[in-house]
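Close look at the chain arrangement
Each chain, written out:
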Amino acid sequence: MVNALYNTCWIDPWLNVAFHLEKERNIRLTYWIGYYNDNSEFIIPIKSPATIYHSRWDVWKGIFSPEIEDIYTEYQLPLDFIASYGLEELIAIKAMDRMDPDRYSFAFTERQRLFRNLCRKWFACIDKYNINLVIADRIPHRSYDYALYVVCDYLKIEYKCFTHTYYKARNICINNIDKLDDVLRVHYNSLITKFNHLSIKELKGLLDSDILDSYLTIKGVNKDATPYYMLRQNSTHQKNSNILKLGYNFFKEFLNLTDKKEIHLRRNKGFFLDIIDIHPYSKRRHISIEDSKYNVLQYGIIAYKSIKYKKKLLKYYQNLSEYVNLTVPYVYFGLHYQPEATSNPGANIFVDQYLAIEQLANSLPDSMHIYVKEHKTQFSNIYEGHKARFQQLYDDLLKLKNVKLVNLNMSSFDLIDNAEAVSTLTGTLAWEGVIRGKPAIIFGLSYFEICYGVIKIDTEEKVNSICEFIETFRYDERKVLLYQLLIQKHAPLAYTYLDIGKDKIDEDTCVNNIVSQLFPEDHAKII
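Residues numbered from 1 in each chain as written. Predicted model: local features only at pLDDT ≥ 70, side-chain atom pairs only at ≥ 80, totals over all residues. Heavy atoms only, no water.

1. Things to note about the overall build of the protein chain
Scanning the protein chain from N- to C-terminus turns up 23 helices and twelve strands. Counting only residues that meet the buried cut, the protein chain has 56% of its 527 residues in that class. Considering only residue pairs separated by 6 or more positions, the protein chain has 69% of its internal contacts joining residues 24 or more positions apart. In the form shown here, the protein chain has an accessible surface area of approximately 22700 Å², with 51% of it arising from carbon and sulfur atoms. (Helix = DSSP H or I, 4+ residues; strand = E, 2+ residues; numbered from the N terminus. Buried < 20%, exposed > 50% of the residue type's maximum accessible area, 1.4 Å probe, protein only. Contact = heavy atoms within 4.5 Å. Areas by Shrake-Rupley, 256 points an atom, 1.4 Å probe, with all protein chains shown as cover.)

Have a look at this one:
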């Protein structure tokens, strides 16, 4: 019997996925970390009474059941574990920026305490409930599930999760958050061998409409190629562009005067609980993370100060930025919004974006500029950009050789089209560059990391080969189209994360597609 832990999976479709795997593969639904607003805390005990249910809000703060709290101190951290996972501990500590609402309330030693206690408790939990498989809807990027991933890695327990793609409701299943599975590279090479003789028109004919439409939109010049998630973010930002609008919309949602929730989803299961504990995973200064709570007024004051900080940060950036010259040789680097999973843990050590740009600056010739553009979501009123950005980053970047900061109003596509190459940690900018015929330099886990025209910087040897990579690059549209065919085959439509993409597919098909990704019976059949 395999005992599975389901990590923060939305009840629809994941409960039916669990039941399917229990019936067909004898994988027992042993442990469920549940969301706060999908009623999983009520549904799981009824439909699967033997399952251990764990609230997402509790586990985020390191709070476990009494059974685990009573025994976890017996599970000392092995010395080889401490020595082997020092880098991962730093990444986990950095990920706790999300939990520090004003950048000054969660000290390093407090973060380290939380991470190490989480590891102890996961060791205890895995042992007590005999967990030998973890299934998750996203890569581990929160304090609790990243600690779980690290412990599973140490214990050689399989951890299956999904990394998103540019295409809505298409996600790739992975077993290692540092790279795509090797089987994808094998399949990509097989597709090139099998179909590279086809014409561009014939290759486009092999693509599903959602993938082809997105491809054509990115290649085109007259259409809006903004990704679906950015369109949603931009719309929400416009509706909350100043403190008055934000306050009005917050209270309208808080008081349940609208069904459309864009700012405040119920954090707790009641109105009064929300008033006294509005943001359950945020740390308060001088109070332990386990006991930290913010009421509406306290968190409102922090939100107001964060908006002021981001406006000041935006002004500072714009004063340093410029409308850059597009006729000189340059590499275009797009900063990631942070804190976010795409950079932490997706980019590993390069969550420090200065480090990535430093590698570029020291490997490119003196004649090559680096144009760095900030992600505009970093300054949005409704997101958490204030938690992970300081003015000093911009100052330090400008001290690097040939680095310039780009005015936010400059077109990203103009910057791509005139560049010698594009670069970012893991995100959409690089994929847009690949499709528009530019070599792409990335620094972490990405769904397109093995595509033709992409180099992933993870060794000193690759750093030293950046110039040669740019100079020898020749655009090959066939290979780019075939990579999208690979995505199509390895990322069938399924709403694996929350209910994003539920409008595209029915639940039964979604469940079957998820199961086929988690446990493909015969990889060869995919080609």
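Continuing now.
2. Points about the packing of helix α9 (residues 182-195) against helix α22 (residues 477-490)
Two elements in contact, α9 and α22, have axes separated by 10 Å at closest approach and are oriented at 125°. Considered as vectors, α9 and α22 are oriented oblique to each other. Remark: the crossing between α9 and α22 carries right-handed chirality. The segment α9 lies against α22, with Leu184, His187, Tyr188, Leu191, Ile192 and Phe195 engaging Lys479, Val480, Leu482, Tyr483, Leu485, Leu486, Lys489 and His490. A class-by-class count of the residues in the contact of α9 with α22 yields ten nonpolar, two polar and two charged. (Axes fitted to C-alpha atoms, helices over the stretch in contact; angles between N-to-C directions. Parallel < 35°, antiparallel > 145°, perpendicular 65-115°, else oblique. Left-handed = near helix turned anticlockwise from the far one by under 90°. Nonpolar A, V, L, I, M, F, W, Y, C, P; charged D, E, K, R; others polar.)

3. Regarding empty space enclosed by the protein
Going through the model one piece at a time under the given rule, you end up with three cavities of 30 Å³ or more. Space inside the largest cavity adds up to approximately 70 Å³. Contributing to the lining of the largest cavity are Lys94, Ala95, Asp97, Arg98, His141, Gln338, Pro339, Glu340, Ser343, Asn344, Val351 and Ala388. A per-class count over the lining of the largest cavity returns four nonpolar, four polar and four charged. (1 Å grid on protein atoms, 1.4 Å probe; cavity = no way out; pocket = protein on both sides within 12 Å on 5 of 7 lines; lining within 4 Å. Points joined across faces, edges and corners; volume = space filled by probe spheres on them.)

4. Considerations on the sheet that holds strand β11 (residues 440-442)
Taken in spatial order, the six strands make up an open sheet running β9-β8-β7-β10-β11-β12, and their pairing is parallel. Looking at which strands have only one partner, the edges of the open sheet turn out to be β9 (403-405) and β12 (454-456). Across this sheet, the average inter-strand angle for adjacent strands is 25°, counted without regard to direction. In terms of strand pairing, strand β7 (residues 330-334) meets strand β8 (residues 369-373) through five bridges, oriented parallel. Within β8, the position partnered with Phe333 by the bridge is Val372. Taken strand by strand, helix α16 (residues 353-363) contacts β7, β8, β9, β10 (421-423) and β11, and its axis lies near 170° from that of β7. (Pairing = 2+ DSSP bridges.)

5. Thoughts on the nonpolar core
Counting 99 residues, the largest nonpolar core has Tyr31, Trp122, Trp431, Phe448 and Tyr483 as its most contacted members. When residues of this core are assigned to their parent elements, the largest contribution, nine residues, is made by helix α7 (residues 108-128). Among all residues touching Phe448, those that are not within four sequence positions of it are Thr426, Gly427, Ala430, Trp431, Ile442, Val454 and Tyr483. The next biggest cluster of nonpolar side chains, apart from the first, holds 34 residues, and it includes Tyr309, Tyr394, Leu425 and Ile441. (Core = buried A, V, L, I, M, F, W, Y, C linked by side-chain atoms within 4.5 Å.)

6. So, α9
Helical periodicity: at 3.6 residues per turn, an α-helix aligns residues three or four positions apart in one direction. Along its 14 residues, α9 runs 20 Å from first to last C-alpha, staying within 8% of the 20 Å computed at 1.5 Å per residue. Among all positions of α9, only Leu184, His187, Tyr188, Leu191, Ile192 and Phe195 are buried. The arc that holds every buried residue of α9, seen down its axis, measures 145°, which confines them to one face. The exposed residues of α9 that point more than 90 degrees off its buried face are Asp182, Val186 and Thr193. Buried residues along α9 sit in contact with β6 (171-174), α10 (200-205) and α22. (Expected span 1.5 Å × (residues − 1). Arc of directions from axis to C-beta.)

7. Considering the packing of aromatic side chains
Aromatic rings in a pair are described by how distant their centres are and how their planes are angled relative to each other. Applying the stated criterion across every chain, the model contains 32 aromatic pairs. Both rings, one in Trp431 and one in Tyr447, keep their centres 5.9 Å apart while their planes meet at 70°; by these two values the pair is edge-to-face. A residue pair is termed long-range when its members are at least 10 positions apart, and Trp431 in helix α19 (residues 428-435) and Tyr447 in the loop between β11 and β12 qualify at 16 residues. Centroid distance Tyr447 to Phe448: 4.9 Å. Interplanar angle 85°. Geometry classified as edge-to-face. With relative accessibility at 4%, the residue Tyr447 sits in the buried group. Here Phe448 falls in the buried class, since its relative accessible area comes to 0%. An aromatic cluster of three or more residues is present, and its members are Tyr36, Trp57, Trp60, Tyr144 and Tyr281. A cation over an aromatic ring shows up here: Lys121 above the ring of Tyr72, its NZ or CZ 4.7 Å from the ring centre. Over the ring of Tyr497 we find Arg138, and its NZ or CZ is 4.1 Å from the ring centre. (Phe/Tyr/Trp six-rings, centres within 6.5 Å; stacked < 30°, edge-to-face > 60°. Lys NZ or Arg CZ within 6 Å of the ring centre and 35° of its normal.)

8. Re the confidence of the model for the protein chain
Looking at the protein chain, the pLDDT average stands at 92 and 89% of residues meet or exceed 70. Segment residues 522-527 is flagged for pLDDT under 50; beyond a separation of four residues in sequence, or across chains, it makes nine contacts in the model. (pLDDT = per-residue confidence, 0-100.)

9. As for the pattern of salt bridges
Opposite charge on two side chains allows them to pair when their charged atoms are near. Counted by the stated rule, this structure contains 22 salt bridges. The residue Asp145 makes a salt bridge to Arg142 at a minimum N-O spacing of 2.8 Å. Residue Arg142 is classed as buried on the basis of its relative accessible area of 2%. A salt bridge links Lys160 to Glu158; its shortest N-O distance comes to 3.2 Å. Look at Lys160 and you get buried, because its relative accessible area is 6%. (Salt bridge = Lys/Arg side-chain N within 4 Å of Asp/Glu carboxyl O.)

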